[in-house]
Amino acid sequence: MSDTSPIAIADEGTDASVVLAPPRTSRVETVLRIVVPIVMLVLAVVIWQVWVVASGTPKYILPSPVDVWLSLTNDYPTLLPSLWVTLSITFQALILALIGGVGIAIILVQSKWIELAITPFAVILQVTPVIAIAPLLLIYTPNTQTALLIVAFLVAFFPILSNMVQGLKSVDHNLLNLFDLYGAGRWKTLVYLKIPASMPYFLTGLRIGGGLSLIAAVVAEFAAGSAGQGSGLAFRILESGYRLNIPRMFAALLLLTGTGVAIFGFTSLISWAVLHRWHESAVRREN
């Protein structure tokens, strides 16, 4: 039975009668997006294995993927605690960078005088090589872990801060005028307009800061020269190099690489979940 209600008749021939189906990704394309990267990785590992075996390269020069896997499984009781130490520093630094970066960015955009007063200190810390101040942090902090955390925080902090500030400043002026027209105060404008509009910038800073926090944690461990039972994967890499245990070195590098990929994937998933319904950077084109 057809719908002949007055509303349906009135909508006939208008935009209201047109149903726009969201663009869909074909099943073949979805499968290829998963299969192609996996096939390329497997092919690279196979070529690596064949080349090492065919050339007879000793494992203390270049281990094969099989040697790396055996080292990973055999040395896992040693590598796992070190991985946990590195992860702990990484995520603590990232959380502190998120809190500090977003908080200071909101404070900076409230007044140009506050921005002028704080910006020089932020620029000085940003352009100063972190490795250069790591020895000073070892002197002034109560323990090595605190120094490592500060170094990782400083590296992850500035991408989040700069992207958040840029996002809060990039709000459409017409929307700002509309909020002013309706009498919205500074707090409502911040919560309902500026923060939502800055999400693409913030999430970009989150992806960058997530990777940099891991890199900074490892570099800080190298600079600090931390060793012993509470050391991270950086020390295991150095230790393996001193002992010519190259398979273990590659195993530690594999853990770091996997951790970095996981962090990037997780932050990208958060970005997609927040933006895929409304922002142009995540919405699929209709044509």
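Before any of the text, the structure's been laid out above.
Residues numbered from 1 in each chain as written. Predicted model: local features only at pLDDT ≥ 70, side-chain atom pairs only at ≥ 80, totals over all residues. Heavy atoms only, no water.

### Notes on the overall build of the chain
- Summing up its helical and strand segments, the chain has 12 helices and zero strands in all.
- Traced from its N-terminal end to its C-terminal end, the chain shows the element sequence α-α-α-α-α-α-α-α-α-α-α-α.
- Expressed as a percentage of its 287 residues, the buried residues of the chain come to 33%.
- Accessible surface, the chain: about 18,100 Å² in total, of which carbon and sulfur atoms supply 69%. (Helix = DSSP H or I, 4+ residues; strand = E, 2+ residues; numbered from the N terminus. Buried < 20%, exposed > 50% of the residue type's maximum accessible area, 1.4 Å probe, protein only. Areas by Shrake-Rupley, 256 points an atom, 1.4 Å probe, with all protein chains shown as cover.)

### Observations concerning unusual backbone geometry
- With a phi close to 55 degrees, Leu244 is a non-glycine residue in the positive phi region.
- Following the sequence through the fold, Leu244 ends up in the loop between helix H11 (233–242) and helix H12 (246–275).
- We classify Leu244 as exposed; its relative accessible area is 54%.

### Let's talk about the packing of helix H5 (residues 112–127) against helix H7 (residues 144–169)
- One way to put it is that H5 packs onto H7 with a least axis distance of 11 Å and a crossing angle of 145 degrees. Considering only the axes of H5 and H7, their crossing is left-handed. Taken together, the residues of H7 that come into contact with H5 (itself represented by Glu115, Ala122, Leu125 and Gln126) are Phe158, Leu161 and Lys169.
- Residues that form the contact of H5 with H7 fall into these classes: four nonpolar, one polar and two charged. (Axes fitted to C-alpha atoms, helices over the stretch in contact; angles between N-to-C directions. Left-handed = near helix turned anticlockwise from the far one by under 90°. Contact = heavy atoms within 4.5 Å. Nonpolar A, V, L, I, M, F, W, Y, C, P; charged D, E, K, R; others polar.)

### Focus on the environment of Thr57
- Structurally, Thr57 can be placed in the loop between helix H2 (27–55) and helix H3 (65–74).
- The contacts of Thr57, once residues within four sequence positions are left out, are Trp51, Val52 and Leu62.
- At a separation of 2.7 Å, a polar atom in the side chain of Thr57 contacts the side chain of Ser55. (Polar contact = N/O pair within 3.5 Å; in protein donor to acceptor, adjacent residues only side chain to side chain.)

### Concerning the nonpolar core
- Counting residues in hydrophobic clusters, the biggest one holds 20 residues, and the most contacted among them are Ala105, Leu161, Val165, Leu168 and Phe202.
- Put simply, the parts of the chain that give this core at least two residues each are helix H4 (76–108), H7 and helix H10 (199–224).
- Sorting elements by how many residues they give to this core places H7 first, with eight residues.
- Setting aside chain neighbours within four positions, we find Phe202 in contact with Leu98, Val102, Ile160 and Met164.
- In terms of nonpolar packing, the next biggest core, distinct from the first, is built from 17 residues, Leu83, Leu214, Leu233 and Ile246 among them. (Core = buried A, V, L, I, M, F, W, Y, C linked by side-chain atoms within 4.5 Å.)

### Some details on the pattern of salt bridges
- Under the definition given, this model contains seven salt bridges.
- The residue Arg243 makes a salt bridge to Glu239 at a minimum N-O spacing of 3.3 Å.
- It is possible to trace a salt-bridge network through shared partners that takes in Asp75, Arg236, Glu239, Arg243 and Arg248. (Salt bridge = Lys/Arg side-chain N within 4 Å of Asp/Glu carboxyl O.)

### A closer look at H11
- With seven of 10 residues buried, H11 is to be regarded as a mostly interior element.
- Leu233, Ala234, Phe235, Arg236, Ile237, Glu239 and Ser240 are the residues of H11 that are buried.
- Against H4, H10 and H12 lie the buried residues of H11.
- Positive backbone phi, at 55 degrees, marks Leu244, one or two positions downstream of H11.

### Observations regarding the side chain of Lys194
- One can find Lys194 in helix H9 (residues 186–197).
- With no salt bridge to any partner, buried Lys194 finds its closest opposite charge in Asp180, at an N-O distance of 8.5 Å.
- Ignoring anything within four residues of it in the chain, the contact list for Lys194 reads Leu168, Val171, Leu176 and Thr189. (Lys, Arg positive; Asp, Glu negative; His and termini not counted.)

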